[in-house]
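Overview (structure and organization)
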Amino acid sequence: MTGRFTGAITDSLAKPVQEVFDLSAEDLGACWVNSSKNNGSILYVPETSVYRSGEREVIIPSGDGALFKAIEAMVRKAKEMVCVSSFLIQQSGMTDALLEAAHRGIGVFVLTAREDDLKKADDDLVGFERERIKDHIALLDQFAGKVLVRTSESFHAKYVLVDPCSPEASGIMMTCNATVDPMSGSNIEVALTLTSSEVRSFFAHFLQGFWEMADHELLEKGELRGVKKEILASVSLGHLTLPATVGDVHSLEERVLSIIRNAKSDLILTAWSFDSGSVHAAVLDACRREVRVTILTRTSSRNTAALRDCARAGARVFGHPRLHAKCVIADGRTGLIMTANMTALGLETGFETAVPLEGSTLDTLKRIAEGWRGVCDWNLVDRVTPAMVDGSILQLSKDGTSLALRTVSPREERFLPAFRPDSCDKILEHSVSRKEIDRIMASDSQNVFRQVTLKQNVIPPYLPEGSKEEAQKDVPFPVFRKGKERYVVVRTWEEVRAAREPARKLNAKIVVGE
Amino acid sequence: MKDVILKRRINIESYEALMDVGRFKDEYKFLLPVLALSEEGGITEELVNTRLFDVNADDPRGSRLLEVMVKYRLIEKRAVVHEHIFTYSQYRLTERGERIRELFHNGQYDQVDEELREKFSELQILNRRRLYGFEMGATYTYTLGPLGMQIFSSSEMLPESLRDVASELVTLGILEPQQNQNETSDKVHYELTETGRRALLEGQVPVPERGAFVLTGTTDPLFVEPVIACWPKEGGREIGQEFDWIAKSSRNKDKSQGKSQKQEKNTPAWLDELRRTAPRVLTLAAQDGKPIQIIGIGENINQVKPKDSISVHLRLSLRSPPDIAVIRTDGKKGNKTVVETAFNLTLMDVMKCLFREKQYDFVECGNAPTLLVAYDEVKGNPSEINRMQRTTTVHAPEIQEFGRFDDVIVSDLPLLPRTLEDAGNWARDCLINGIITYTDETSYSQLCDREAARFSERFAPEQVKSRLPTYQEMLTIVKERRETDPKRYWFVTAPALLTFREGM
């Protein structure tokens, strides 16, 4: 900065001094980068709500209520019993149909979570579902006496089974809870009708949950009582033929890992949440095998932390704030839809089910997943620099617990507070520090800049009024005194430089004269 | 069944009089070893001298001590003579008298002709006490009174009072005149009096006192002994242990026992009886059941206001005979004493009294009075249905011969069905109520067995079980009652539905 200080002091400081910083190569850490012009939360609109594939239907929960209609129609046909599992449940056409069935004398059984379980579920509920907990409790009161409700914090699977013991057994599994908005398309979800043999396996899953895992039950209004985990001799729990997580059974985890490990060229994983468990390791291995891995998930801090090294390893990780569907598709040949997240809770200790898919149904699912990819505008990149971004990012906080939405700007100009030294020689040594950049970045949580220009007015010190001149033989500049302070008076930068030594000897400040 | 406790406050009367009373105290325990000789070969001068005084058998100290104890009425002298005839100054027992003496000695009062017993009772030779029983009518027990003991047990000179009855006894062939006969016994021994026996039992010797005492008594039939308390009069002079007065008292006994016609009219029968039969040892029900010896009661008797109130708790239990707790309350604190009661009815008798209208519905079952009831009587009462017991309050119950009591709660009165049909309906209710958890066909059958055996003391379980609903019928029942009893609906239907059926 010293090079520009020549000639008259006052003239040279008429304009602010400025410094330009290039931040385009700054490391922003792991970020979700939004490549679109929107806010990254466009809802998925399928070509159709119901995809038919042989006897089976793949249903996309949407505003037309296709999922509700399918379930309600099924429940209305019930002749003996209806079994429902859903972590969270809310009054809807579906629950009305259940109560109506109960009124007809149909045995209706529900596995769900109780209030305390819901409060403990830190990561399993979509944000707005948390606000539905009161509705859930109110609905259980409505069920009391009419529907037999059993609860456990593990009851995360979501399905409806109708007359599972009859030849006309039917059922639907879904990735969403039985709450109104997710079943109406507010999330990215998928549901699937079940074949008779699948219903039987789901029923065995339900029986294990009911008789072995439940810890409370609601027999009468207001009486959620503890459950004795005794199974009557006559009760048979049946056989699980489909991958599941229940009790000591971890066949779902084994199936998911098997699909990932056997993927040759292409792998798609979708889930609400991931952790650094067995799936994570298998994905990294697939990346090493140069399998083209695509992960669709929710843009959350937990997923960011869990998947950043997958992204670094080459996996393409895309995010959507409401992606809740859980699928695995490998090489377009094998896959499954499941109720579990890719976490230990879903694959090791929970209560989850899945339907393995192949053939046309898998093709349908793959097409749907490609549609989901189309609305997943966020791309997880491990080491993002401002130069890479032209839009917004979700930046993982240093402690890994939150994501901050920030916009990347090409350049930024900021004024610093004026610099007012008490001696002109200090201006010669003044510069705008890099620390100022860090301070600005820290105080601005919404923006990231590629280039920042910092400007600052410099106000030189002037001789105070009322100062009296003092005779100094060896000093070639006028010297003044006011009180205990001495002042050496100059007009140009050259004089400032020349006055430095005498001023030091006199312990005087260098100031501009009038 | 829980114990039944009948309570009431009892009517009492108190009278004060100058009395000779022996209160059992520790001061003269040194006499107990002498009394104990009665159990070790008999009380004789020889044994007292050799065993207790360790002196020669004929030492005069033995006879002196025994004479004093005779005066204290702890022992009485018996003379054994060659002819084995009890000799009095002017009369002796006839052969009939001897037989009666033997019978009385063995406690075989009922072997004596009833008419003679009544006569003896009139002459106050025998004490007569009426026995109360639920279905017994009036019967009596007899004990030898003090006068009788002198006639049939004592070898003392015939007292003056006996002369009044001697002619009667001669007429009855009990005594015969014995003129100028002056027999001596070879050997003298002593036997315990009632007081002596009691002293030995209590481990204390009654210490005679003379003073103003207040006697409290009751005519309540629950009490064996009508005199229930005897206190020194408050502020009255209480005379300490005086032995000499006994002799004086004996000399004046005829005076103290005789009473004016006027006085007899103003005092209750129990007091008159006591005066007639004194000296007597009483157990005082309202004074911790402690014994007291009433030796004599003066002529001037005044009724006073009782200072305490007395109530009784008559406990009737399956496990023990009736007992009565006497609660004395002096206005501030209560004192409870359990004493002997004249109440001799069984719990069954009492139940029949308390539930008079149902007295023919009581049966004894497992040693307990059990009420037979129709199902309709209990069907709306889950507690009675399930526990087979009834708890109820009986208002102002009255027990024949023993009067009326306060309201009483009868707890856990056992109930049984009256008929097999009642049993079937009852067991059906219990069966439904017994379904308190998930039940399948097997556990339902076990439940049926359990409920059918509920009335096994009265009906064969198989008979009852045949009247219970089958598992399929129970499924229908719980479905019909689903709205009102959802719990049992689930307990029965869930296991039937929520099971993996092979061949599905």
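So, a few notes on the structure that sits alongside this text. (Residues numbered from 1 in each chain as written. Chains lettered and ligands numbered in written order. Predicted model: local features only at pLDDT ≥ 70, side-chain atom pairs only at ≥ 80, totals over all residues.)

Let's talk about the interface of chain A and chain B
Using the following cut-off: Any two residues are considered in contact once their C-beta atoms, placed from the backbone, lie within 7 Å. Elements are defined by DSSP. Helices are runs of H or I of four residues or more, strands are runs of E of two residues or more, and each kind is numbered from the N terminus. Polarity classes work like this: nonpolar for Ala, Val, Leu, Ile, Met, Phe, Trp, Tyr, Cys and Pro, charged for Asp, Glu, Lys and Arg, and polar for all others, with Gly in that last group.
The interface is formed by 22 residues belonging to chain A together with 18 residues belonging to chain B. Those elements giving two or more residues to the side of chain A that touches chain B turn out to be β6 (107-112), α8 (196-213) and β11 (216-220) of chain A. When residues of the side of chain A that touches chain B are assigned to their parent elements, the largest contribution, five residues, is made by α8(A). Class assignment for the residues of the side of chain A that touches chain B results in 13 nonpolar, six polar and three charged.

Quick word on the sheet that holds strand β25 (residues 468-470) of chain A
Sheet strands associate in pairs through backbone hydrogen bonding, adopting either a parallel or an antiparallel arrangement. All names here are of chain A. Stated precisely, the cut-off is as follows: Between any two strands, pairing holds if DSSP finds at least two bridges. Every axis corresponds to a line fitted to the C-alpha atoms, with the helix fit spanning only the stretch in contact, and the corresponding angles, defined between N-to-C directions, vary from 0 to 180 degrees.
The mixed open sheet is built from four strands, whose spatial order is β25-β26-β27-β28. Of all the strands in the sheet, just β25 and β28 (509-512) have a single pairing partner and so form its edges. With strand direction ignored, the average angle separating the axes of adjacent strands in the sheet is 45 degrees. The pairing of β25 with strand β26 (residues 479-482) spans three bridges and is antiparallel. Bridge pairing links Glu470 to Val479 in β26. Along the sheet, helix α16 (residues 493-506) contacts β26, β27 (485-490) and β28; its crossing angle with β27, the most-contacted strand, is approximately 160 degrees.

Description of the environment of A:His156
Inspection of the secondary structure puts A:His156 in the loop between β7 (148-151) and β8 (159-162). Taking the C-alpha atoms as reference, A:His156 lies 8.3 Å from A:Leu88; in sequence the two are 68 residues apart.

What to know about helix α11 (residues 301-313) of chain A
Residue and element names in this part refer to chain A. As a reminder of what qualifies: Working rule for helices: expected span equals 1.5 Å times residues minus one. Note that the bend at a residue is defined as the angle between axes fitted to the seven residues ending at it and the seven residues starting at it. Whether a residue is buried, exposed or partly exposed is read from the other C-beta atoms within 10 Å of its own C-beta, which are placed from the backbone; 20 or more gives buried, 12 or fewer gives exposed, and intermediate counts give partly exposed.
Compared with an ideal rise of 1.5 Å per residue, which puts 13 residues at 18 Å, α11 spans 19 Å between its outermost C-alpha atoms and is within 8% of the ideal. At Leu307, α11 shows its largest kink, close to 45 degrees. For α11, the full list of buried residues reads Arg302, Asn303, Thr304, Ala306, Leu307, Arg308, Cys310 and Ala311. Taken from the residues just after α11, Gly314 is the one with a positive phi, measuring 120 degrees.

Section: the packing of helix α10 (residues 278-288) of chain A against α11(A)
Two numbers describe a pair of packed helices, the interaxial angle and the distance between the axes. All names here are of chain A. This is how the line gets drawn: Here is the rule for angles: anything less than 35 degrees is roughly parallel, anything more than 145 is roughly antiparallel, 65 through 115 is roughly perpendicular, and the remaining ranges are oblique.
For the pair α10 and α11, interaxial distance at closest approach is 9 Å and the crossing angle is 10 degrees. With respect to α11, the element α10 is oriented roughly parallel. On α11, the residues that touch His280, Val283, Leu284 and Cys287 of α10 are Ala306, Asp309, Cys310 and Ala313. Residues of the contact of α10 with α11, tallied by class, amount to six nonpolar, one polar and one charged.

Observations concerning the nonpolar core
The condition is simple: To form a nonpolar core, buried Ala, Val, Leu, Ile, Met, Phe, Trp, Tyr and Cys residues must be joined through C-beta atoms within 7 Å.
The biggest cluster of nonpolar side chains holds 217 residues, and the ones touching the most others in it are A:Val82 and A:Ile172. Residues within four places of A:Val82 in sequence aside, it is in contact with A:Val75, A:Leu98, A:Ala101, A:Ile106, A:Val108, A:Val160 and A:Val162.

Some details on the sheet that holds strand β12 (residues 290-304) of chain B
All names here are of chain B. One open sheet holds the five strands; their spatial order is β10-β9-β2-β12-β11, and the pairing between them is antiparallel. Either end of the sheet is taken by a strand with one partner, and the two such strands are β10 (227-232) and β11 (280-284). Strand-to-strand, the axes of this sheet are offset by a mean angle of 50 degrees, without reference to chain direction. Two strands pair when backbone bridges link them, and strand β2 (residues 13-25) and β12 are joined in this way by nine bridges, in the antiparallel orientation. From the neighbouring strand, Asp20 faces β12, where its bridge partner is Gly296.

What about the pairing of strand β16 (residues 292-297) of chain A?
Residues and elements named next belong to chain A. The line we're drawing: Here a crossover is taken to be right-handed if, once the strands point away from the viewer, the path from the first strand over the helix to the second is traced clockwise.
Examined bridge by bridge, strand β15 (residues 266-271) and β16 share six bridges and lie parallel to one another. Across the sheet, the residue bridging to Leu267 is Val293, located in β16. Each parallel crossover has a hand, and for β15 linked through α10 to β16 it is right-handed. For β16 and strand β17 (residues 316-319), the ladder comprises four bridges, and the chain directions are parallel. Note that in β17 the partner of Thr297 across the bridge is Gly319. In terms of handedness, the path from β16 via α11 over to β17 forms a crossover that is right-handed.

What about the packing of helix α16 (residues 420-433) of chain B against helix α17 (residues 441-452) of chain B?
Residues and elements named next belong to chain B. Inclusion rule: Crossings are classed by handedness, with left-handed meaning an anticlockwise turn of the near helix from the far one by less than a right angle and right-handed meaning a clockwise turn.
Between α16 and α17, whose axes approach to 9 Å, the crossing angle comes to 135 degrees. The pairing of α16 with α17 is recorded here as oblique in orientation. Read as a crossing pair, α16 and α17 show a hand that is right-handed. On α17, the residues touching Ala427, Cys430 and Leu431 of α16 are Leu447, Cys448, Glu451 and Ala452.

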